[in-house]
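Each chain, letter by letter, is given below.
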Amino acid sequence: MEKYNPHAIEPKWQRFWKEKGFMKAKEVPGRKGKQYVLVMFPYPSGDLHMGHLKNYTMGDVLARFRRVQGYEVLHPMGWDAFGLPAENAALKFGLHPRDWTYENIRQAKESLELMGILYDWDREVTTCEPDYYRWNQWIFLKMWEKGLAYRAKGLVNWCPKCQTVLANEQVVEGRCWRHEDTPVEKRELVQWYLRITAYAERLLEDLEGLDWPEKVKAMQRAWIGRSEGAEIEFPVEGLNEAITVFTTRPDTLFGATFMVLAPEHPLTLRLTSPERRAEVEAYVEAAKRKTEIERQAEGREKTGVFLGAYAINPATGEKIPIWTADYVLFGYGTGAIMGVPGHDQRDFEFAQKFGLPIRKVIERPGEPLPEPLEAAYEEPGIMVNSGPFDGTPSEEGKRKVVAWLEERGLGRAKVTYRLRDWLISRQRYWGTPIPMVHCEACGVVPVPEEELPVLLPDLKDIEDIRPKGKSPLEAHPEFYEITCPKCGGPARRDTDTMDTFFDSSWYYLRYTDPRNETLPFDPKKADFWMPVDQYIGGVEHAVLHLLYSRFFTKFLHDLGMVKVEEPFQGLFTQGMVLAWTDFGPVEVEGDRVRLPEPTRIRLEIQERELSLEEVRKMGAELRPHEDGTLHFWKPAVMSKSKGNGVMVGPFVKEEGADIARITILFAAPPENEMVWTEEGVQGAWRFLNRIWRRVAEDKETLLSVSGKFQAEALEGPDRELYRKLHATLKKVTEDLEALRFNTAIAALMELLNALYDYRKVRPVTPVYRTAIRYYLQMLFPFAPHIAEELWHWFWPDSLFEAGWPELDENALERGVVEVAVQVNGRVRGTIQIPKDAPLEVALAEALKVKNVQAHLEGKAIVREIYVPGKILNLVVRG
RNA sequence: GCGAGGAUGGCGGAACCGGUAGACGCGCCGGACUUAGGAUCCGGUGGGGUAACCCGUGCGGGUUCAAGUCCCGCUCCUCGCACCA
């Protein structure tokens, strides 16, 4: 008997599939329509490990499944090739970013092919190619035309490590998303923005219809941060000027006893009285210098200074002091608030600290609030001390106060969003040049469409690429010195490049028509494929890439380029791949585990000492090292820096692609983390080897037996095998539709066990031959090489052409079923009865069971609950 | 603090609409066969008990003939957000 040898078969079938072009996508619907299966494209990094491959394996399984099911499938791949990784590598290795990028692409492609992952490579997209990025520039110009791209001066986030500005979405807890240890600085700069806020409402509303994880939708909702309230004008005393505030509680207007401006607010310094100037200026300066981190570190203790100016509460006519304080954020609402200490805890703390009056204007129903108030009362209630509104329920009061303000021209209903416009300028080399020209005479002028692309100059000297705090292109007059497209006078190109998230915001549309030279894509082709039916990727893009892409799709929809308004109908966020990792030596004394400094630092924990129990609870182990000491081992995310990645090339050469695929898919549900282990690999090997042996042992007889039989005529083990076969088919089909790969494989393992059991009692029969046939069809998406190999022993053509077996619902019916018999809700035995046997039959059978008899003895049955095919519960008394 | 999700054997994890908890795999225990292979095959494996039986899905209540599943109240864990007016 031939032995299972992955190396002997895998390259063969990989070549075969490639030659046949099974995954080439055409704009012609299949029998069941189309499916667009997409995995987030990677930035090109060199040698790939299994952590990188989980995504693509899942996508490949789904794409193959949809293909054999009868869909026309688009399963493309490309490279998010612009951006910092390439630049940083260039600076580190002295390579040109382009060379580094293309070498990595070559290596990554090789790894993907080794794993048997198939794409329509004719549609490969590489974002650093002019063919691609010229359409970035085209889209940018369209946005400019529509007023959605604009240049503005503002306080921006600057990463000193990246030497560039960042978008709000790229700042995590005040730090650069790429440099967790680097607080971002604030700088006042003129930059390019995209008006994503114009789409805030649609971005929020349309989340509703998406088949996305609730977690991701919640994150987007929170990021957009819709808030309903009112804008209210507070006239400044003695000046023809008003401060506009945003509030969600107009019902508390009568309780506004002071105002607070953000330190950055333009009115802050203007309103300051001469005698207060020094103090206020010092406060504003200090606030500007502080990073978000420093502000956080100082806790929530309120600080602020009085401007020496007053405003008029439009409701009460009272004179109220104006302060500045850094608890009011310039970036939200209007950057100014009315202080209502009675009903906002932050204002309460501020008022208490600075001795400002606290007034109750909402009364708690039922139990009146203590006076003076001990804390702000933020719940709804009844308006008091509010003139004409006294007695009004606060919710109703919100509307009434707004109406009252609107009549007098003092305010209006207003919806505010937390979402900010997207800052897309970057002061880096490796990106898309912004297609704009600055002319002394004409101002900002767009590059005419027909002159696109604005090519990124090929800087040969690595030193020219190095970030310098301004765009490297600013040192290259041959790039920026041009004539104005409008007046022909001397002008200067914009030297900034685009955020790489611009590139990835529409690449899925380019896949639908990747070689188009007149448009980013043909709307007809995009409409054929869009939306992406299943998008697979990491949750780290929940608000970055996924929000930007939704914005782009809506914009392109409005432009008439594509019918859909949402790009990704289904989203799946996969869990990471971990591996057992050596974190270094420890010293054990009794129950105490001491962590030497290097070990502690690698683990990123505070404690210098742990108990054995704590080590266990962390999911960690102490393992003997070769030098006789004990080392601290724990599963950790595979990464180059930890050196714990199982590399694709060596693994496939040693073990095989199908084994890798099964290991990844079976170890855990795909949304969970999985730990890659040697035992898991062993299990995958055993499973595939058992399949191989089952088929190989029967090879000769399978070749001589026909697969024809009458399903209705089957009996005994034949009938049972037939039932199990179709039950498995149903399960595997449903699980694949829902991306439950682990349970689908478990079902295939069960069926395999059933095939072994069957052959112990029966020869090779037509129903068995059919079971083998279906088995290989079902195995194909998961372990395609072994499936294709075994298939070809008996059938010509490819499993790609064999389709997906058809379910026989009748096969699922069991004639006789096992029913559990309970007495007072506890299982006391089981009976074998016809599926739809009446209660009398079930009861008669149940009474024959000894153990049931024992539990009925001396007692009276007061009730029988019978669910045919499931359970018989006898309720007894006595 | 707010939001989302979770807690089931030694481990990863199953369990449709409330109906035999622990599928499948790993690990472990015992055995067979040894053409020593990455072996393979057979049996066992939630806990306690000689057994009958009892207990068991984070904790405490409840609904129900019947609860991992539904309801109420907690604890803990993971993730996200967090002075957002």
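Above this text sits the structure in question.
Residues numbered from 1 in each chain as written. Chains lettered and ligands numbered in written order. Predicted model: local features only at pLDDT ≥ 70, side-chain atom pairs only at ≥ 80, totals over all residues. Heavy atoms only, no water.

J.: Describe in detail the overall build of chain A, supporting the description with residues and values.
T.: Regarding its fold elements, chain A presents 31 helices and 37 strands. Expressed as lengths along the three principal axes of its C-alpha atoms, the size of chain A is roughly 100 × 85 × 65 Å. Of all intrachain contacts in chain A linking residues separated by at least 6 positions in sequence, the fraction that spans at least 24 positions is 71%. In the structure as shown, chain A presents an accessible area of about 38700 Å², 50% of it carried by carbon and sulfur atoms. Averaging the locations of the 115 positively and 133 negatively charged side chains of chain A gives two centres separated by 3 Å. (Helix = DSSP H or I, 4+ residues; strand = E, 2+ residues; numbered from the N terminus. Contact = heavy atoms within 4.5 Å. Areas by Shrake-Rupley, 256 points an atom, 1.4 Å probe, with all protein chains shown as cover. Lys, Arg positive; Asp, Glu negative; His and termini not counted. Charge placed at Lys NZ, Arg CZ, Asp CG, Glu CD.)

J.: Explain unusual backbone geometry residue by residue, including any values.
T.: With an omega dihedral of 0 degrees, the bond running from Leu452 to Pro453 counts as a cis peptide bond. Looking at where Pro453 falls in the secondary structure, it is placed in the loop between strand E22 (443–446) and helix H13 (462–465). Its identity is not glycine, yet Gln163 carries a phi of approximately 60 degrees, on the positive side. Looking at the secondary structure, you find Gln163 in the loop between strand E5 (149–159) and strand E6 (164–166). One non-glycine residue with positive phi stands out, namely Leu739, at about 60 degrees.

J.: Explain the pattern of salt bridges to me, using residue names and the numbers behind them.
T.: Between side chains of opposite charge, a pair can form as their charged atoms come close. Throughout the structure, instances matching the rule amount to 70 salt bridges. In this structure, Arg202 engages Glu565 in a salt bridge whose closest nitrogen and oxygen atoms are separated by 3.0 Å. Of this pair, Arg202 sits in helix H6 (residues 200–205) while Glu565 sits in the loop between helix H18 (545–558) and strand E27 (571–573), placing them 363 residues apart in sequence. By relative accessible area, Arg202 is classed as partly exposed at 26%. (Salt bridge = Lys/Arg side-chain N within 4 Å of Asp/Glu carboxyl O. Buried < 20%, exposed > 50% of the residue type's maximum accessible area, 1.4 Å probe, protein only.)

J.: Could you give me a rundown of the pairing of strand E15 (residues 336–339), with the residues and numbers involved?
T.: Alternating residues of E15 divide into Ala336 and Met338 and Ile337 and Gly339, and every residue in both groups is buried. In terms of strand pairing, strand E12 (residues 258–261) meets E15 through 4 bridges, oriented antiparallel. Counted as the bridge partner of Leu261 is Ala336 from E15. (Pairing = 2+ DSSP bridges.)

J.: Could you give an account of the side chain of Glu233, with specific residues and numbers?
T.: When you line up the elements, Glu233 lands in strand E10 (residues 227–235). Glu233 gets classed as buried once you look at its relative accessible area, which sits at 19%. Of the polar contacts made by the side chain of Glu233, one reaches the side chain of Thr244; its length is 3.2 Å. Setting aside residues no more than four positions away along its own chain, Glu233 makes contact with Ala242, Ile243, Thr244, Pro314, Leu410 and Arg412. (Polar contact = N/O pair within 3.5 Å; in protein donor to acceptor, adjacent residues only side chain to side chain.)

J.: If you had to explain the protein's contact with RNA strand B to someone new, which residues and values would you point to?
T.: Close to RNA strand B lie 51 residues, the nearest being Thr248, Tyr332, Arg346, Ala667 and Glu818. At the protein interface, 59% of the atoms of RNA strand B within 4 Å belong to sugar or phosphate. A distance of 2.3 Å separates a phosphate oxygen of RNA strand B from a polar side-chain atom of Tyr332. Of the residues contributing to the surface near RNA strand B, the split by class is 20 nonpolar, 13 polar and 18 charged. (Near = heavy atom within 4 Å. Nonpolar A, V, L, I, M, F, W, Y, C, P; charged D, E, K, R; others polar.)

J.: I'd like a rundown of helix H5 (residues 130–145), residues and numbers included.
T.: Over its 16 residues, H5 runs 22 Å from end to end, which matches the ideal 22 Å to within 8%, given 1.5 Å per residue. Of the residues making up H5, those classed as buried are Tyr132, Tyr133, Trp135, Asn136, Gln137, Trp138, Ile139, Phe140, Leu141, Lys142 and Met143. Directly after H5, the chain includes Gly147, whose backbone phi takes a positive value near 75 degrees. (Expected span 1.5 Å × (residues − 1).)

J.: I'd like a rundown of the side chain of Glu231, residues and numbers included.
T.: Relative to the assigned elements, Glu231 resides in strand E10. Setting aside residues up to four positions removed in sequence, Glu231 forms contacts with Thr244, Val245, Thr334, Leu410, Gly411, Arg412 and Lys414.

J.: Go over the environment of Ala403, please, and point to the residues and values.
T.: Within the element layout of this structure, Ala403 appears in helix H12 (residues 394–407). Residue classification places Ala403 among the partly exposed positions, given a relative accessible area of 36%. Taking C-alpha positions, Ala403 is 8.3 Å from Ala413, a pair spaced 10 residues apart along the chain.

J.: Describe the packing of aromatic side chains, and please don't skip the residues or the numbers.
T.: Going through the model one piece at a time under the given rule, you end up with 50 aromatic pairs. A centroid spacing of 5.0 Å and a plane angle of 80 degrees characterise the contact between Phe82 and Trp430, whose relative ring orientation is edge-to-face. Of this pair, Phe82 sits in the loop between strand E3 (78–79) and helix H3 (84–93) while Trp430 sits in the loop between strand E20 (425–426) and strand E21 (436–439), and the two are 348 residues apart along the sequence. Each member of the pair, Phe82 together with Trp430, is buried. Here the aromatic rings of Trp144 and Trp192 are separated by 5.8 Å at their centres, their planes lie at 70 degrees, and the arrangement is edge-to-face. Pair noted here: Trp144 is in helix H5 and Trp192 is in strand E9 (residues 185–194), with a separation of 48 residues, a long-range link. The class for Trp192 is buried, based on a relative accessible area of 0%. Three or more aromatic residues joined by ring pairs form one cluster here, namely Trp177, Tyr199, Trp422, Phe501, Phe502, Tyr548, Phe551 and Phe552. (Phe/Tyr/Trp six-rings, centres within 6.5 Å; stacked < 30°, edge-to-face > 60°.)

J.: So what about the sheet that holds E5? Which residues, and what values?
T.: Think of a sheet as strands paired side by side through backbone hydrogen bonds, with each pair either parallel or antiparallel. Sheet architecture is open: 4 strands sit in the order E6-E5-E9-E19, paired in antiparallel fashion. The outermost strands of the open sheet, each flanked by one partner alone, are E6 and strand E19 (422–423). Relative to E19, E9 runs antiparallel, the two sharing 2 bridges. Following the sheet pairing, Leu194 is matched in E19 by Trp422. Lying over the sheet, H5 contacts E5 and E9, oriented at roughly 90 degrees with respect to E9. (Axes fitted to C-alpha atoms, helices over the stretch in contact; angles between N-to-C directions.)

J.: Talk me through H18; I want residue IDs and the actual numbers.
T.: An α-helix turns once per 3.6 residues; consequently, residues spaced three or four apart project the same way. Across its 14 residues, H18 extends 20 Å between first and last C-alpha, which sits within 8% of the 20 Å expected from 1.5 Å per residue. Buried residues dominate H18, accounting for 12 of its 14 residues. For H18, the complete set of buried residues consists of His545, Leu546, Leu547, Tyr548, Ser549, Arg550, Phe551, Phe552, Thr553, Lys554, Phe555 and Leu556. Directly beyond the C-terminal end of H18, a positive phi value near 85 degrees is found at Gly560.

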